[in-house]
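# Coordinate inspection notes
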Amino acid sequence: MEEHFQHFHFSTNPYLSIPSPIPPPIQPIPPPHQLPPLLPPPPVQSEPVDRERLPQWTHTETAEFLSIRADLDASFMSTKRNKPLWEAISARLQQKGFSRTPDQCKSKWKNLVTRFKGSEAMDDAGKQFPFYEEMRTIFSRRIDRSLAMEKKKGKAVQGEGKEWMNEDDEEKDDDEEEEEEDDEYEQNALEDKGKKKRKMTDKRRGIEWEVKLALHAIVKQQMEMQKKWVKESEAREIERREKEEQWRRTMISLCEERLALTRRWREREDERSARAEARAERQDSLITAIIAKLSEDER
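On a predicted model such as this, the values are computed, not experimentally measured, just so you know.

Within the protein one finds seven helices and zero strands. Overall, the protein shows an N-to-C arrangement of helices and strands of α-α-α-α-α-α-α. By the burial criterion, 18% of the 299 residues in the protein qualify as buried. Accessible surface, the protein as shown: approximately 25000 Å² in total, 54% of it carbon and sulfur.

Across its 13 residues, helix α1 (residues 59-71) extends 19 Å between first and last C-alpha, which sits within 8% of the 18 Å expected from 1.5 Å per residue. Along α1, the residues classified as buried are E61, T62, F65, L66, I68 and R69. Summarising the axial view, the buried residues of α1 lie within an arc of 165 degrees, below the 170-degree limit, and thus occupy one face. More than 90 degrees from the buried face of α1, the exposed residues found are H59 and T60.

The next subject is a nonpolar patch on the surface. A surface patch of nonpolar side chains, amounting to about 340 Å² of accessible area, comprises I207, V211, L215 and I218. The topology assignment puts L215 in helix α7 (residues 173-298).

Counting along an α-helix, one turn takes 3.6 residues, and residues three or four places apart therefore face a common direction. Taking 1.5 Å of rise per residue, the 18 residues of helix α4 (residues 102-119) would be expected to cover 26 Å, and the 26 Å separating its terminal C-alpha atoms lies within 8% of that figure. Listed in full, the buried residues belonging to α4 are Q104, C105, K106, K108, W109, K110, L112, V113, F116 and S119.

Relative to the helices and strands, P130 resides in the loop between α5 (125-128) and α6 (132-153). The class of P130 is partly exposed, set by a relative accessible area of 45%. The sequence separation of P130 and H59 amounts to 71 residues, and the corresponding C-alpha distance is 8.9 Å. Filtering out sequence-adjacent residues up to four positions away, P130 remains in contact with H59 and R115.

Time to look at the nonpolar core. F65, L66, I89, W109 and M135 are the most contacted members of the largest nonpolar core, which totals 22 residues. Taken together, the elements giving at least two residues each to this core come down to α1, α2 (73-78), α3 (83-96), α4 and α6. The leading source of residues in this core is α4, at five residues.

With that settled, the discussion passes to the confidence of the model for the protein. Caution applies to low-pLDDT regions: their predicted coordinates should not be interpreted in detail. Considering every residue of the protein, the mean pLDDT works out to 76; 70% of them sit at 70 or more. In this model residues 38-51 is a low-confidence stretch, pLDDT under 50, and it forms zero contacts with partners more than four residues away in sequence or in other chains.

This paragraph deals with the side chain of S90. Inspection of the secondary structure puts S90 in helix α3. A polar atom in the side chain of S90 sits 2.3 Å from the backbone oxygen of R100. Among residues more than four places away in sequence, those in contact with S90 are R100, T101, P102 and C105.

Next up on the list: the packing of aromatic side chains. Applying the stated rule across the entire model yields six aromatic pairs. Arranged with centres 5.0 Å apart and planes meeting at 40 degrees, the rings of F116 and Y132 form a pair that is tilted. Of this pair, F116 sits in helix α4 while Y132 sits in helix α6; the two residues are 16 residues apart in sequence, bridging distant segments of the chain. The pair F116 / Y132 is uniform in exposure class, with both members buried. In this structure an aromatic cluster arises from ring pairing among W109, F116, Y132 and F139. Above the ring of F76, the side-chain terminus of R69 is found at 3.8 Å from the ring centroid. In this structure, R69 is placed above the aromatic ring of W109, and the distance from its NZ or CZ to the ring centre is 4.0 Å.

Judged by side-chain charge, K195, K196, R198 and K199 come together as a positively charged surface patch. Positionally, K195 belongs in helix α7. With a relative accessible area of 49%, K195 lands in the partly exposed category.

Quick look at the packing of α1 against α3 now. Remark: α1 packs on α3, axes separated minimally by 10 Å, with the N-to-C direction vectors making an angle of 140 degrees. Considering the angle they form, α1 stands oblique to α3. The way α1 lies across α3 gives a crossing that is right-handed. For the pair formed by α1 and α3, the contact residues are E64, F65, I68, R69 and D71 on the first element and W86, I89, R92, L93 and K96 on the second.

Calculation rules
Residues numbered from 1 in each chain as written. Predicted model: local features only at pLDDT ≥ 70, side-chain atom pairs only at ≥ 80, totals over all residues. Heavy atoms only, no water. Helix = DSSP H or I, 4+ residues; strand = E, 2+ residues; numbered from the N terminus. Buried < 20%, exposed > 50% of the residue type's maximum accessible area, 1.4 Å probe, protein only. Areas by Shrake-Rupley, 256 points an atom, 1.4 Å probe, with all protein chains shown as cover. Expected span 1.5 Å × (residues − 1). Arc of directions from axis to C-beta. Patch = residues over 30% accessible without salt bridge, like charges linked within 9 Å, V, L, I, M, F, W, Y side chains within 5 Å. Salt bridge = Lys/Arg side-chain N within 4 Å of Asp/Glu carboxyl O. Contact = heavy atoms within 4.5 Å. Core = buried A, V, L, I, M, F, W, Y, C linked by side-chain atoms within 4.5 Å. pLDDT = per-residue confidence, 0-100. Polar contact = N/O pair within 3.5 Å; in protein donor to acceptor, adjacent residues only side chain to side chain. Phe/Tyr/Trp six-rings, centres within 6.5 Å; stacked < 30°, edge-to-face > 60°. Lys NZ or Arg CZ within 6 Å of the ring centre and 35° of its normal. Lys, Arg positive; Asp, Glu negative; His and termini not counted. Charge placed at Lys NZ, Arg CZ, Asp CG, Glu CD. Axes fitted to C-alpha atoms, helices over the stretch in contact; angles between N-to-C directions. Parallel < 35°, antiparallel > 145°, perpendicular 65-115°, else oblique. Left-handed = near helix turned anticlockwise from the far one by under 90°.

Okay, here's the thing in structure tokens:
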């Protein structure tokens, strides 16, 4: 590299001095295979970072944070000043071995709420957002507590435009935004729950109506079968009576015929007996006459 720059004459500082008025002779460019190897570029000095980059939240740390946040959720809903609660969450994380400031905890909660709302429209929300069930449990318990409070106060739950929590009167923009988002989500969740309940009620009514129709059809079929069975039973009873009457008449005629045969047989027997008696009488009289004649001849 020094051979290429030996013809340039600069003073100590080349940026401030003026080169020689005599231009150097132009050297021919050597072929590529004779060029010296290129030196690697000097390392780029990165600018010093003003502040340290925040460490990422681990899965275990996030799960522990949500567990603590779920325990204090009722306190978040019942108080207007949330800063002490975020400090309490930070302190409890410190006890668990996780170093997080209250602002970091608040920012993490907002991020989790945003991701949870975005994952609700997805079919595989549990895969897209690993803490979907924990967030859903927190908001479901919050809605249940709100419903219990409203029921205890004797107030009916309104359909739309119902606010379950009061907005902060303090000058806390972040807290107001967070609570408004939570209230909006609770309102949407309550509306979704109402829609699901109405849908389930309509579905249950439809099922009940279908069951009633099915039972009515079964009862109607049973009644028709019973009527048919009664008609068949009556027809069989009439047929049985007719056959019984016919059999009775046949038996009467047979009895009468037997009696007639018996009478004729007795009459014939009487006639035969009378003829036998008459024949016996004639024989007796004949024998008597013969004996009397013989007696007379002997005399």
